[in-house]
Amino acid sequence: MDVREHYNARKQQAPEERKESVIIGLRKFNNWVKAVLINRCVVNENSFILDMACGKGGDLLKYKKTGKVAKYVGIDIADVSVEQAKMRYSEMGRPFQSGEFMAGDAFSEPLHHLDGFKFDLVSCQFALHYAFKSEATAKQALENISNALKPNGLFICTIPNADQILKLPKNKHLMITMSNDDDETNNSNVYGREYTFWLSDAIDSCPEYLVLKENFISLAKEHNLTLKEHWPFEKFYIKYGWEYHDLLKGMGVVTGYKHDRLKMTREEMQIAALYDAYIFRKV
């Protein structure tokens, strides 16, 4: 199953069903990370937002709550997900002056259909690693991101950390299998290093690709994207957990008063530790 087929086949869950997820603690934590990134980086009034790999529109409410978004464009390779995102936007009462959704491959094709719009923020959450299937697709993705941004615009993303993927301990909620022609001893290639990713109640054995941090940062720089911040999720929590403590409590990520009491199992914490958050600035 390829990426488009996988996400088109994923059932749209009702809020009650999402609350019953076996990885609900992880889902809430990941949503908190995204909410902090959005709150920190949507800084201009009447901002233009490009949500690359928008999926079913799961971040629409986060953008609405900033109160600063005028134009939102969501693009995703899975056309079924795009239709579900449109529906979610309508059910929210169309909260922005302009909201557009389109099906398309932002990693393999130039984004000509953006009609020359420039954005204050481009976001790609838990998806950019799919672009590292080849050097060509990785470069096209970064070119699209850079071309879409205004000068000094920001790019935010969350990506699996290749080093953590390769040394993941056994986990009942997660299974990662490297492809037959790749393993942890093969470090010669920086693109196309495929693995199969299975995550309980979320991803059903989908092909993904390792993203080597230094290569990613270098490639971004080649496309006029300068690294502003980089945090593994554990350090992101340490850095911003107190500043965004009310958000932690409001999103149900923590129990009690102290922000270091996460409502996640040991297995969920191991999975969260696979990911890094990045903020780049267009120069």
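Structure: see above.
Residues numbered from 1 in each chain as written. Predicted model: local features only at pLDDT ≥ 70, side-chain atom pairs only at ≥ 80, totals over all residues. Heavy atoms only, no water.

Novice: So what about the pairing of strand 2 (residues 69-76)? Which residues, and what values?
Specialist: Within strand 2, eight of the eight residues are buried, leaving the element largely enclosed by the surrounding structure. Both strand 1 (residues 47-52) and strand 2 contribute to a ladder of six bridges, which runs parallel. When the sheet's bridge partners are listed, L50 is paired in strand 2 with V73. The β-α-β motif built from strand 1, the intervening helix 4 (residues 60-66) and the parallel element strand 2 has right-handed crossover chirality. (Buried < 20%, exposed > 50% of the residue type's maximum accessible area, 1.4 Å probe, protein only. Helix = DSSP H or I, 4+ residues; strand = E, 2+ residues; numbered from the N terminus. Pairing = 2+ DSSP bridges. Right-handed = clockwise from strand over helix to strand, strands pointing away.)

Novice: Go over helix 3 (residues 24-41), please, and point to the residues and values.
Specialist: With 18 residues, helix 3 extends 26 Å between its outermost C-alpha atoms, agreeing within 8% with the 26 Å of an ideal straight helix rising 1.5 Å per residue. When helix 3 is considered as a whole, its buried residues turn out to be G25, L26, F29, N30, W32, V33, K34, A35, V36, L37, I38 and C41. (Expected span 1.5 Å × (residues − 1).)

Novice: Residues and numbers for the sheet that holds strand 6 (residues 174-178), please.
Specialist: The strand order across the open sheet built from three strands is 6-7-8, with neighbouring strands paired in antiparallel fashion. Sheet topology places strand 6 and strand 8 (203-209) at the edges, where each strand pairs with a single neighbour. When strand polarity is set aside, the average angle formed by the axes of neighbouring strands in this sheet is 20°. Looking at chain direction, strand 7 (residues 194-199) and strand 8 are connected through five bridges and run antiparallel. Each bridged residue has a counterpart across the sheet, and for F197 the counterpart in strand 8 is C206. (Axes fitted to C-alpha atoms, helices over the stretch in contact; angles between N-to-C directions.)

Novice: Tell me about the sheet that holds strand 1, and please be specific about residues and values.
Specialist: The seven strands lie next to each other as 3-2-1-4-5-10-9, forming an open sheet whose pairing is mixed. The sheet terminates laterally at strand 3 (98-103) and strand 9 (225-232), the two strands that pair on one side only. Taken over all neighbouring pairs, the strand axes of this sheet differ in orientation by 15° on average, direction set aside. Sheet strands touched by helix 8 (residues 213-222): strand 5 (149-160), strand 9 and strand 10 (275-282). Its angle to strand 10, the strand with the most contacts, is close to 15°. (Contact = heavy atoms within 4.5 Å.)

Novice: Can you break down the pattern of salt bridges residue by residue, with the values?
Specialist: Within the structure shown, the criterion is met by 11 salt bridges. The closest approach of N and O atoms between R27 and D201, which form a salt bridge, is 3.6 Å. Of this pair, R27 sits in helix 3 while D201 is found in the loop between strand 7 and strand 8, placing the two residues 174 residues apart along the sequence. Residue K150 pairs with D120 through a salt bridge whose shortest N-O separation is 3.2 Å. Placement of the pair is K150 in strand 5 and D120 in strand 4 (residues 119-125), with a sequence separation of 30 residues. (Salt bridge = Lys/Arg side-chain N within 4 Å of Asp/Glu carboxyl O.)

Novice: Let's hear about the packing of aromatic side chains: which residues, and what values?
Specialist: Between two aromatic rings, the relevant description is the distance of the centres plus the angle of the planes. Scanning all chains against the criterion turns up 24 aromatic pairs. Ring geometry for F126 against F233: centres 6.1 Å apart, planes inclined by 90°, an arrangement best described as edge-to-face. Of this pair, F126 sits in the loop between strand 4 and helix 6 (135-148) while F233 is found in helix 9 (residues 233-240), placing the two residues 107 residues apart along the sequence. An identical accessibility class is assigned to F126 and F233; each is buried. Ring centres 5.0 Å apart and planes at 90° place the aromatic pair F216 and Y278 in the edge-to-face group. (Phe/Tyr/Trp six-rings, centres within 6.5 Å; stacked < 30°, edge-to-face > 60°.)

Novice: Describe in detail the pairing of strand 1, supporting the description with residues and values.
Specialist: With five of six residues buried, strand 1 is to be regarded as a mostly interior element. Looking at chain direction, strand 1 and strand 4 are connected through three bridges and run parallel. The residue of strand 4 that forms the bridge with I49 is L121.

Novice: Help me get a handle on the side chain of S200, residues and values and all.
Specialist: Turning to its location among the elements, S200 is positioned in the loop between strand 7 and strand 8. On the basis of relative accessibility, which here comes to 9%, the residue S200 falls in the buried class. When near neighbours in sequence (up to four residues on either side) are disregarded, S200 contacts V22, I23, K172 and H173.

Novice: Explain the packing of helix 6 against helix 8 to me, and be specific about the residues and the numbers.
Specialist: Across the interface, helix 6 lies against helix 8 with an axial gap of 9 Å and an inter-helix angle of 50°. With respect to helix 8, the axis of helix 6 lies oblique. In the crossing of helix 6 with helix 8, the sense of the turn from one axis to the other is right-handed. Taking contact as the criterion, the partners of A138, K139 and L142 in helix 6 are, on helix 8, F216, L219 and A220. Here the contact of helix 6 with helix 8 is composed, by residue class, of five nonpolar, no polar and one charged. (Parallel < 35°, antiparallel > 145°, perpendicular 65-115°, else oblique. Left-handed = near helix turned anticlockwise from the far one by under 90°. Nonpolar A, V, L, I, M, F, W, Y, C, P; charged D, E, K, R; others polar.)

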